[in-house]
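Overview (structure and organization)
The chain contents come next:
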Amino acid sequence: MKFLTTTALALLASAGIAGACEMTLRSSDTHPDGYPTVEGVKAMAAEVEEKTDGRICIEVFPSSQLGEEKDTIEQTQFGVIDMVRASFGSFNDIVPVTQLMSLPYLFRSVDHMHNVMDGPIGEEIAAGFEENDLIALAYYDGGSRSFYNSQKPIQSIEDLEGMKFRVMQNDVFVDMMSALGANATPMPYGEVYSSIQTGVIDGAENNFPSYDSSGHAEVAKYFTLDEHLMVPELVAMSKSTWEKLSPEDQQIIREAARNSATVQRELWAEQERASEEKVVEAGAEIIRDIDKTPFIEAMAPVYEKYVTTPESQDLVKRIQETE
Ligand code: GTR
C-alpha cells in the first residue's frame, strides 16, 4: 500500500464507487438466457445502470433459478425477490383482475392486446397489482397460445375429447379445458417436459418460443394453431423494494421498464418466426387453418362463470370495444 500515491488511491476509490452497485435487484424469469423476456429485462437493467451511474443494478436470474413462476411471484410480493417477469396467468390467484385478462379469445390479435394494455385499461390493471404489493412496470408480449400434444393432429374440439393437457396453475384455464371436453392438469412449467415424455399428460399449450425453448416440441410434435389464449406478460417489482427507492430512481426505473417493452416486443416478433421455423425443421407438424368458431363458442360457460359483476362486465366490454 505504501507504494501508492494519494492520487492513485483517490483514483482507485472513485473507480470503485463508480463501478459498485449500491443496490442490486434480483429479477426472476422462468425462461432461459437469450429468450425475449430475459433480454428485455437485461435491456432495462442496462438503462437503469447507465442512468444511475451504476448505483442501481438489476441481475436477471433465468431458467427458474429462483423458483417456479408462481412461487417467485409470492416471493416478490414479500420482497424476498425484487422483481419477476411472468405471465398474467400465474398472477390469477393473487391479482383478481388478471383472471379476466386471461379469458380465452378475449383479445382479437396481438395489436388489440397492445392497444388495451398500453391505454387506460393497462393503468387500471396496474392499480390492481399495487393493491397486492406489486408494482406493474411493463407489459411484455407473449403472443398467442395453442395446443400441442404427443398423440395426434387435433383438427377440431371433438379431437380434444378426453385428452389430458397441462395448463398453468389457475382456475380459468382448468375451466377452459373442461369447456372443450378435455382434462386439465395444472402444474408448473418446469414439470411439463417429463410429464409429456412419460405419458402423464398428452400435451400442453403455449406459444412458439416456449414450445421451442422448453424442448416440448421434441416430445409433442402435433401443434394446432387454434390461438385460444393471448395473455399479457408483466415485469413487476416488489412494493417493498419500490418504497426503498427515491422518487427520481423510481422514475428512472419506470422509464427503463417502459423502454424495455419496446425492445422485448421486437425481439418477440423475431423469436416467434425463428422458433416456428426451427420446430418445423425439427419435425413438428403444425395444424393450421382450423375453424376457430366452435372453440370461441365453447368458451361461453367460462365467461359466464368469471364475468359476473357489473365491473367485470364493463371491463370486458371496454376491452372488446378497444380498436
Ligand atoms: C410462457 C410464459 C411464462 C410461463 C409459461 C407457462 O409462455 O412466458 O411466463 O407462464 O408460458 O406456461 O408456464
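As the structure is a prediction and not an experimental result, all values here were calculated from the model. (Residues numbered from 1 in each chain as written. Predicted model: local features only at pLDDT ≥ 70, side-chain atom pairs only at ≥ 80, totals over all residues. Heavy atoms only, no water.)

Description of the site of the ligand
Condition: Nearness here has a simple test: a residue counts as near a molecule or strand if at least one of its heavy atoms is within 4 Å of that partner. We define a polar contact as two N or O atoms separated by no more than 3.5 Å, with the added condition that, inside protein, one atom must be a possible hydrogen donor and the other a possible acceptor, whereas residues neighbouring each other in sequence contribute only through side-chain atom pairs. Reported accessibility uses the Shrake-Rupley method at a 1.4 Å probe radius. Residues are deemed covered only where the shown protein chains occlude them. Points on a 1 Å grid over protein atoms alone make up a cavity when a 1.4 Å probe fits among them but cannot get out, and a pocket when they form an open set with protein on both sides within 12 Å along at least five of seven lines; lining residues each have an atom within 4 Å of a point. Whether a molecule lies in a cavity or pocket depends on its atoms, and more than half of them have to be within 2 Å of the grid points. As annotated, the domain borders come from an automatic or database domain assignment.
Close contacts around the ligand come from 13 residues, with His 31, Glu 69, Arg 166, Asn 206 and Glu 233 the closest. Separating an oxygen atom of the ligand from a side-chain N or O atom of Ser 210 is a distance of 3.1 Å. Contacts to the ligand include Glu 233, whose side-chain N or O atom sits 2.8 Å from an oxygen atom. For the ligand, whose unbound accessible area comes to 320 Å², protein coverage reaches 98%. In this structure the site holding the ligand corresponds to the largest cavity. Residue assignment places the shell around the ligand across two domains, with domain 1 (6–94 + 132–142 + 232–268) and domain 2 (144–230 + 275–321) each supplying three or more.

Quick notes on the nonpolar core
Test applied: In this description, a nonpolar core means a group of buried Ala, Val, Leu, Ile, Met, Phe, Trp, Tyr and Cys residues linked to one another through side-chain atoms lying within 4.5 Å. Any residue under 20% of the maximum accessible area for its type is buried, any over 50% is exposed, and the rest in between are partly exposed; the area is computed with a 1.4 Å probe on protein chains only. Helix and strand definitions follow DSSP, with helices as H or I runs of at least four residues and strands as E runs of at least two, each counted in order from the N terminus. Whether two residues touch is decided by their heavy atoms; if any such pair falls within 4.5 Å, the residues are in contact.
Core analysis: the largest hydrophobic core is formed by 54 residues, its most contacted members being Phe 88, Met 101, Leu 103, Phe 129 and Leu 180. The element that contributes the greatest number of residues to this core is helix 8 (residues 171–179), accounting for 4 residues. The residue makeup of this core includes at least three contributed by each of domain 1 (6–94 + 132–142 + 232–268) and domain 2 (144–230 + 275–321). Leu 103 has contacts with Val 172, Leu 229, Val 302, Tyr 303, Tyr 306, Val 307 and Val 316, leaving out every residue within four places of it along the chain. Counting residues in hydrophobic clusters, the runner-up holds 24 residues, among them Val 38, Ile 58, Leu 245 and Ala 261.

Remarks on the domain arrangement of the protein chain
Cut-off, in case you're wondering: Accessible-area loss on putting two parts together, using a 1.4 Å probe and summing over both, is the definition of buried area adopted here. The term salt bridge refers to a pairing of a side-chain nitrogen on Lys or Arg with a carboxyl oxygen on Asp or Glu at a separation within 4 Å.
Segmenting the protein chain into domains produces domain 1 (6–94 + 132–142 + 232–268) and domain 2 (144–230 + 275–321). Taken together, the 15 residues of domain 1 in the interface contact 15 residues of domain 2. The junction of domain 1 with domain 2 conceals about 1000 Å² of combined surface from both sides, 54% of it contributed by carbon and sulfur atoms. There are 0 salt bridges connecting domain 1 and domain 2.

Quick look at the packing of helix 2 (residues 36–51) against helix 13 (residues 247–281)
Basically, it comes down to this: Angles shown run from 0 to 180 degrees and are taken between the N-to-C directions of axes, each axis being a line fitted to C-alpha atoms and, for helices, limited to the stretch in contact. Throughout this description, any angle smaller than 35 degrees is read as roughly parallel, any larger than 145 degrees as roughly antiparallel, any in the 65 to 115 degree range as roughly perpendicular, and the remainder as oblique. The hand of a helix crossing depends on one turn: near helix anticlockwise from the far one by less than a right angle means left-handed, and clockwise means right-handed. Three classes are used, and their members are as follows: Ala, Val, Leu, Ile, Met, Phe, Trp, Tyr, Cys and Pro are nonpolar, Asp, Glu, Lys and Arg are charged, and the others, Gly among them, are polar.
One can describe the packing of helix 2 onto helix 13 by two numbers: an axis separation of 8 Å at closest approach and a directional angle of 150°. One way to sum up the angle between helix 2 and helix 13 is to call them roughly antiparallel. Considering the relative orientation of helix 2 and helix 13, their crossing is right-handed. Packed against helix 2, whose contacting residues are Pro 36, Thr 37, Glu 39, Gly 40, Ala 43, Met 44, Glu 47, Val 48 and Lys 51, the element helix 13 presents Ile 252, Ile 253, Glu 255, Ala 256, Ala 257, Asn 259, Ser 260, Val 263, Gln 264, Leu 267, Trp 268 and Gln 271 at the interface. Looking at the contact of helix 2 with helix 13 residue by residue, the classes come out as 11 nonpolar, 6 polar and 4 charged.

Concerning unusual backbone geometry
One non-glycine residue, Ser 63, lies in positive phi territory at about 50°. Its place among the elements puts Ser 63 in the loop between strand 2 (56–61) and helix 3 (69–77). Of note, Asp 289 is a non-glycine position whose phi angle comes to about 50°, a positive value. With respect to the helices, strands and loops of the structure, Asp 289 is situated in the loop between strand 11 (285–287) and helix 14 (293–298). Overall, the relative accessible area of 80% leaves Asp 289 in the exposed class.

Side note on the environment of Met 177
Within the secondary structure, Met 177 sits in helix 8. We classify Met 177 as buried; its relative accessible area is 0%. Remark: the alpha-carbon pair of Met 177 and Lys 221, spanning 44 residues in sequence, is separated by 20 Å. Apart from residues no more than four positions distant in its own chain, Met 177 is found in contact with Phe 147, Phe 165, Val 167, Ala 182, Asn 183 and Ala 184.

With respect to the pattern of salt bridges
Under the definition given, this model contains 18 salt bridges. Between Glu 205 and Arg 145 there is a salt bridge whose closest N-O contact spans 3.0 Å. One end of the pair, Glu 205, is in strand 8 (residues 203–206); the other, Arg 145, is in strand 5 (residues 145–149), and 60 residues separate them in sequence. You can call Glu 205 buried: its relative accessible area is 0%. The salt bridge involving Asp 212 is made with Lys 278; its shortest N-O contact spans 2.9 Å. Of this pair, Asp 212 sits in helix 10 (residues 208–213) while Lys 278 sits in helix 13, and the two are 66 residues apart along the sequence.

Examining the confidence of the model for the protein chain
We count it as follows: Residue-level confidence of the predictor is summarised by pLDDT, bounded by 0 at the bottom and 100 at the top.
Residue-level pLDDT values for the protein chain average 94, and 94% of them are 70 or greater. Low pLDDT (under 50) marks residues 1–17, which in the prediction has 3 contacts with non-local residues, meaning those over four places away or in another chain.

Observations regarding the pairing of strand 3 (residues 83–87)
The test is simple: DSSP-based pairing: two strands are paired if at least 2 bridges between them are found.
Strand 3 sits mainly inside the fold: 5 of its 5 residues count as buried. Covered by surrounding structure in strand 3 are Met 83, Arg 85 and Ser 87 together with Val 84 and Ala 86, the residues of both alternating faces. Bridge count between strand 1 (residues 23–28) and strand 3: 2 bridges; the pairing is parallel. In the sheet register, Ser 28 faces strand 3, and the bridge partner there is Val 84. Taken together, the 5 bridges between strand 3 and strand 10 (residues 233–238) define a ladder with antiparallel strand orientation. In the strand pairing of strand 10, Ser 87 is matched with Glu 233.

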